[in-house]
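So you can see what is in the structure, the chains are spelled out below.
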Amino acid sequence: MPCRGVGLVSGTDTEEITLFGWTAGAGLEKAVFGRVAFGAEARYTRYPDESWVVPFSDVAISVPTVVAANGLSLRLRLLLFF
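Parameters at a glance
- Once a new chain begins, its residue numbering starts again from 1 and follows that chain's sequence as written.
- The predicted origin of the model limits local features to residues at a pLDDT of at least 70 and limits the giving and counting of side-chain atom pairs to 80 or more, whereas totals for whole chains, interfaces and linings rest on all residues.
- In computing side-chain values, all of the structure's heavy atoms are included and hydrogens and water are not.
- In this description a helix means any DSSP run of H or I spanning at least four residues, a strand means any run of E spanning at least two, and both kinds are numbered starting from the N terminus.
- Only protein chains enter the area calculation, which uses a 1.4 Å probe; residues under 20% of their type maximum are buried, those over 50% are exposed, and those in between are partly exposed.
- Note on contacts: a residue pair qualifies if any of its non-hydrogen atoms lie within 4.5 Å across the two residues.
- Should DSSP find at least two bridges between two strands, the strands are regarded as paired.
- In this analysis, axes come from line fits to C-alpha atoms, helices being fitted only over the stretch in contact, and the angle between any two N-to-C directions falls in the range 0 to 180 degrees.
- Should a side-chain nitrogen of Lys or Arg be within 4 Å of a carboxyl oxygen of Asp or Glu, the pair is scored as a salt bridge.

1. Focus on the environment of Ser 62
With respect to the helices, strands and loops of the structure, Ser 62 is situated in strand β4 (residues 61-67). A relative accessible area of 47% places Ser 62 in the partly exposed class. If near-sequence neighbours (up to four positions away) are discounted, Ser 62 is found in contact with Val 53, Val 54 and Pro 55.

What follows is the structure, encoded as structure tokens:
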């Protein structure tokens, strides 16, 4: 049965966590005109999932939280050599 007329308001909480992860990548670079080159690099970064429960004891609610941080990036470069 849904809660009605309870009068809950929004709230916030902060949690400081330290994440340790890993990054793997590969890239290449190719000269195209004398002093001009193009480069590309792909990287994948992965952090372990972290989870915790935030208790809001004044309103008898607990909020489970999960942080999943990972990503793939691609970097393209135009290089000019002097």
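2. Observations regarding the sheet that holds strand β1 (residues 22-33)
Across the sheet, which stays open at both edges, the three strands sit in the order β1-β2-β5 with antiparallel pairing between neighbours. Only two strands of the sheet have a single neighbouring strand rather than two, namely β1 and β5 (70-80). For this sheet the average axis-to-axis angle between neighbouring strands, irrespective of direction, equals 10 degrees. Across 11 bridges, β1 lies against strand β2 (residues 36-46) in antiparallel orientation. Bridge assignment links Gly 25 to a residue of β2, and that residue is Arg 43.

3. Some remarks on the pairing of β2
The hairpin formed by β1 and β2 contains two residues between the paired strands, and Gly 34 there has a positive phi angle of roughly 40 degrees. In terms of strand pairing, β2 meets β5 through 11 bridges, oriented antiparallel. Counterpart to Phe 38 in the pairing with β5 is Leu 78.

4. Structural notes on the pattern of salt bridges
The tally for this structure, following the rule as stated, stands at two salt bridges. We note a salt bridge from Glu 41 to Arg 43, for which the minimum N-O separation is 3.8 Å. On the basis of relative accessible area, Arg 43 is assigned to the partly exposed category, the value being 34%. Linking Arg 46 and Asp 49 is a salt bridge whose minimum nitrogen-to-oxygen distance equals 3.8 Å. You can call Arg 46 partly exposed: its relative accessible area is 25%. Residue classification places Asp 49 among the partly exposed residues on the basis of a relative accessible area of 47%.

5. Some points on the environment of Ala 37
By the secondary structure assignment, Ala 37 is in strand β2. Ala 37 gets classed as buried once you look at its relative accessible area, which sits at 1%. For Ala 37 and Leu 79, which are 42 residues apart along the polypeptide, the C-alpha to C-alpha distance reads 5.0 Å. Those residues in contact with Ala 37 that sit more than four places away from it in its chain are Glu 29, Lys 30, Ala 31, Val 32, Arg 77, Leu 78, Leu 79 and Phe 81.

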